[in-house]
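Read off the chains here:
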Amino acid sequence: ILAITSKEFLQALRQGAHGKIAITYFEWAGQFDQKVIMPWRLIDGPESADAVAAEISRAPYRRASRTSISGALQFAKPLFDDSGYKGLRRVIDVSGDGTNNAGRDIALARDEALALGITINGLAILSETPLPWNPEHTNPAGGLTKYYRDNVIGGPGSFVIEAKDFSSFGQAIIKKMIAEIADAR
């Protein structure tokens, strides 16, 4: 939420190709567990950024089990057609703390999105310690970042950013959003 209202993000937005972006925000977990938290909104300055941040912050915190990145991609694809906006780029941002462990094969879901001209960027959130029952899922020490690079991201200018832990997520998301706006120039 703070990323959208940060001075760094707003400066990048002003310097971007159009000075505005349209975004929607949804949370996801298992294969059929996705929920739109905020429908499409236009951010074109501090006032609209504040409104978007306030809308997202009103959503209750929720936790869910499983990690279906493929389910999230499948859910996100049609959101662009229903947005009401005609953007020059279509980007899905995937932020997560684990590998795809539910749903379809991640490579197939990624490739379907790429075939529609959608770029996928990632933010890998590392855990301090691996899960005892599934040590590969969170892949500490950078393995999750490699997993995202190899299996999740794709499209022109795609990238993955690493958050060392949940406490560094805010700074990582600011960096990610600025990079996406810079890439749109």
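In the block above lies the structure referred to throughout.
Procedures and definitions
Residues numbered from 1 in each chain as written. Predicted model: local features only at pLDDT ≥ 70, side-chain atom pairs only at ≥ 80, totals over all residues. Heavy atoms only, no water. Salt bridge = Lys/Arg side-chain N within 4 Å of Asp/Glu carboxyl O. Helix = DSSP H or I, 4+ residues; strand = E, 2+ residues; numbered from the N terminus. Buried < 20%, exposed > 50% of the residue type's maximum accessible area, 1.4 Å probe, protein only. Contact = heavy atoms within 4.5 Å. Core = buried A, V, L, I, M, F, W, Y, C linked by side-chain atoms within 4.5 Å. Pairing = 2+ DSSP bridges. Axes fitted to C-alpha atoms, helices over the stretch in contact; angles between N-to-C directions. Phe/Tyr/Trp six-rings, centres within 6.5 Å; stacked < 30°, edge-to-face > 60°. Lys NZ or Arg CZ within 6 Å of the ring centre and 35° of its normal. Parallel < 35°, antiparallel > 145°, perpendicular 65-115°, else oblique. Nonpolar A, V, L, I, M, F, W, Y, C, P; charged D, E, K, R; others polar.

Chemist: What's the story with the pattern of salt bridges in this structure? I'm lost.
Modeler: Pairs can form between side chains of opposite charge once their charged atoms are near each other. Applying the stated criterion to the full structure yields 8 salt bridges. Glu-55 is paired through a salt bridge with Arg-41; the nearest N and O atoms lie 2.9 Å apart. Separated by 14 residues along the polypeptide, Glu-55 in helix α3 (residues 46-57) and Arg-41 in strand β2 (residues 34-43) bring together distant segments of the chain. When its relative accessible area of 30% is taken as the criterion, Arg-41 is described as partly exposed. For the salt bridge of Lys-146 with Asp-150, the shortest nitrogen-to-oxygen distance reads 2.4 Å.

Chemist: Please clarify how the side chain of Ser-70 should be interpreted in this entry.
Modeler: In this structure, Ser-70 sits in helix α4 (residues 69-76). If sequence neighbours within four positions are ignored, Ser-70 has contacts with Asn-100, Ala-102, Gly-103, Arg-104, Asp-105, Ile-106 and Ala-109.

Chemist: Before we go on, may I ask you to explain the nonpolar core in this structure?
Modeler: Where a protein is soluble and globular, its nonpolar side chains tend to be buried together. Membership of the largest hydrophobic core comes to 24 residues, with the highest contact counts inside it found for Ile-69, Leu-73, Ile-92, Val-94, Tyr-148 and Val-152. Only β1 (21-28), α4, β3 (91-96), α5 (106-115), β4 (119-125) and α7 (143-151) provide two or more residues apiece to this core. Counting residues per element, this core draws most heavily on α4, which supplies 4 residues. Each residue touching Leu-73, except ones within four places of it in the same chain, is listed here: Ile-92, Val-94, Ile-106, Ala-109, Arg-110 and Ile-120.

Chemist: Hey, could you run me through the sheet that holds strand β5 (residues 160-163) in this one?
Modeler: Within a sheet, each strand pairs with its neighbour through backbone hydrogen bonds, oriented either parallel or antiparallel. Across the sheet, 3 strands lie side by side as β3-β4-β5; this open sheet has parallel pairing. Edge strands, defined here as strands with exactly one partner in the open sheet, are β3 and β5. Neighbouring strand axes in the sheet, compared pairwise and without regard to direction, differ in orientation by 15° on average. Note: β4 against β5, 4 bridges, orientation parallel. In the strand pairing of β5, Ala-124 is matched with Glu-162.

Chemist: Got a minute to help me understand the packing of aromatic side chains in this structure?
Modeler: In this description, an aromatic ring pair is defined by two values, namely the gap between the centres and the angle between the planes. For the coordinates displayed, the defined rule picks out 2 aromatic pairs. Ring geometry for Trp-40 against Phe-80: centres 5.8 Å apart, planes inclined by 50°, an arrangement best described as tilted. With Trp-40 in strand β2 and Phe-80 in the loop between α4 and β3, this residue pair connects regions lying 40 residues apart in the sequence. Judged by relative accessible area, Trp-40 falls into the buried class, the value being 17%. When the ring centre of Phe-80 is taken as reference, the NZ or CZ atom of Arg-90 above it lies at 5.5 Å.

Chemist: Honestly, the packing of α5 against α7 in this entry has me stumped. Any pointers?
Modeler: Each pair of packed helices can be summarised by the angle the axes make with each other and by the distance between the axes. Two elements in contact, α5 and α7, have axes separated by 10 Å at closest approach and are oriented at 50°. Overall, the two elements α5 and α7 adopt an arrangement that is oblique. Here Ile-106, Ala-107 and Arg-110 of α5 lie close against α7, whose contacting residues are Tyr-147, Asp-150 and Asn-151. A class-by-class count of the residues in the contact of α5 with α7 yields 3 nonpolar, 1 polar and 2 charged.

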